[in-house]
Amino acid sequence: MLAAFCLRLCLGLVAFLPLLPADKMHPRFFRTQFLTALGLSIIALSFGFDLEPWLLGPLMGGVLVALHGSFVWTLEPAPFGHSTSMIATAIFAVGSAAFASVHPNWMAWSDAITSGLLLGGAVTAMLVGHSYLISPGLTIRPLMTMLIVCGLCLLARTVVLGIATLPFLSGDTLYAMSDDYWLWFIPRGLIGIGGPLVFGILTYRTARIGSTQSATGILYVVVICTFIGELFGMLIARATGTPA
């Protein structure tokens, strides 16, 4: 499960980099994103090495593309910087989907990819907020862009979870899952969906008045809620086989 979580987080960390202006943000930001993805992908490779041999492909691919990205962004201007981000996004998306289900299952794949985008999107938004400490002249646009992106990721995550749990909320299938499932799923939804929603709205309203430091502080709470919610979801999915 740790390998799957790391791959999902790597996916979100690199997926939204092309949306951020490379000419206005410090190259260190992009390099840090890839270095973080490199560390996470190495952890995923270490813990996933004893799994199916065919899973080593996306794991090793993730390590190599993260290493390449971290090197590219040491140069200024970075050659093919955003192209590298897109390639890394594709590799980590394939890896996340592969760890979600070994059989063709669009629901499990959607669950893994939307989970990764929400996780990494929240962390990226928080780190964008920190960029204002080293780049005081940076416009508010990158932060607002990431907040909107996080809102869309949260919406997509909610839709996927709604579709996954809808069969159990209709008719007699309401009792098809044990009480333990709902005992875990309800706090998972309140913390992992409700928390980012409430605090995300607060962050957006705070950022609109130009208070980037306060917005970044609230984003810490968003990240914590997102991490707890997604870990809950992975535990539920592992126990029941149902995306959560």
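Not measured: the values here are computed from a predicted model.

A. Structural detail: the packing of aromatic side chains. This structure, assessed with the given rule, holds four aromatic pairs. Measuring from ring centre to ring centre gives 5.6 Å for phenylalanine 5 and phenylalanine 227, while their planes differ by 75 degrees; the resulting arrangement is edge-to-face. With phenylalanine 5 in helix H1 (residues 2-15) and phenylalanine 227 in helix H8 (residues 212-240), this residue pair connects regions lying 222 residues apart in the sequence. Geometrically, the ring pair formed by tryptophan 184 and phenylalanine 232 is tilted, given 5.3 Å between the ring centres and 50 degrees between the ring planes.

B. Spotlight on the pattern of salt bridges. According to the stated counting rule, one finds five salt bridges in the structure shown. Here arginine 8 ties to aspartate 111 by a salt bridge, and the two come within 3.9 Å at their closest N and O atoms. Of the two residues, arginine 8 sits in helix H1 while aspartate 111 sits in helix H5 (residues 106-134), which places them 103 residues apart along the sequence. A relative accessible area of 7% places arginine 8 in the buried class. Residue aspartate 111 is classed as buried on the basis of its relative accessible area of 5%. The salt bridge involving aspartate 23 is made with lysine 24; its shortest N-O contact spans 3.6 Å. For aspartate 23, a relative accessible area of 65% corresponds to the exposed category.

C. Representation of the side chain of threonine 84 within the structure. Among the structural elements, threonine 84 can be located in helix H4 (residues 81-100). Residue threonine 84 is classed as buried on the basis of its relative accessible area, which comes to 4%. From its side chain, threonine 84 meets the backbone oxygen of phenylalanine 80 in a polar contact 2.8 Å long. Aside from chain neighbours lying at most four places away, what touches threonine 84 is Phe34, Val65, His68, Gly69 and Val72.

D. Region of interest: the state of the cysteines. As enumerated under the stated definition, the model contains zero disulfides in all. Left unpaired, cysteine 6 is separated from the closest cysteine sulfur, that of cysteine 10, by 6.6 Å. A relative accessible area of 3% means that cysteine 6 is categorised as buried. No disulfide involves cysteine 150; its sulfur sits 6.1 Å from the nearest other cysteine sulfur, which is in cysteine 153. A relative accessible area of 13% means that cysteine 150 is categorised as buried.

E. Just the environment of leucine 138, in detail. Counting through the fold element by element, leucine 138 comes out in the loop between H5 and helix H6 (141-165). A C-alpha to C-alpha distance of 29 Å links leucine 138 and serine 115, two positions 23 residues apart in sequence. If we skip the residues at most four places from it in the chain, leucine 138 touches Lys24, Met25, Ser131 and Tyr132.

So, how was this worked out
- Residues numbered from 1 in each chain as written.
- Predicted model: local features only at pLDDT ≥ 70, side-chain atom pairs only at ≥ 80, totals over all residues.
- Heavy atoms only, no water.
- Phe/Tyr/Trp six-rings, centres within 6.5 Å; stacked < 30°, edge-to-face > 60°.
- Helix = DSSP H or I, 4+ residues; strand = E, 2+ residues; numbered from the N terminus.
- Salt bridge = Lys/Arg side-chain N within 4 Å of Asp/Glu carboxyl O.
- Buried < 20%, exposed > 50% of the residue type's maximum accessible area, 1.4 Å probe, protein only.
- Polar contact = N/O pair within 3.5 Å; in protein donor to acceptor, adjacent residues only side chain to side chain.
- Contact = heavy atoms within 4.5 Å.
- Disulfide = S-S within 2.5 Å.

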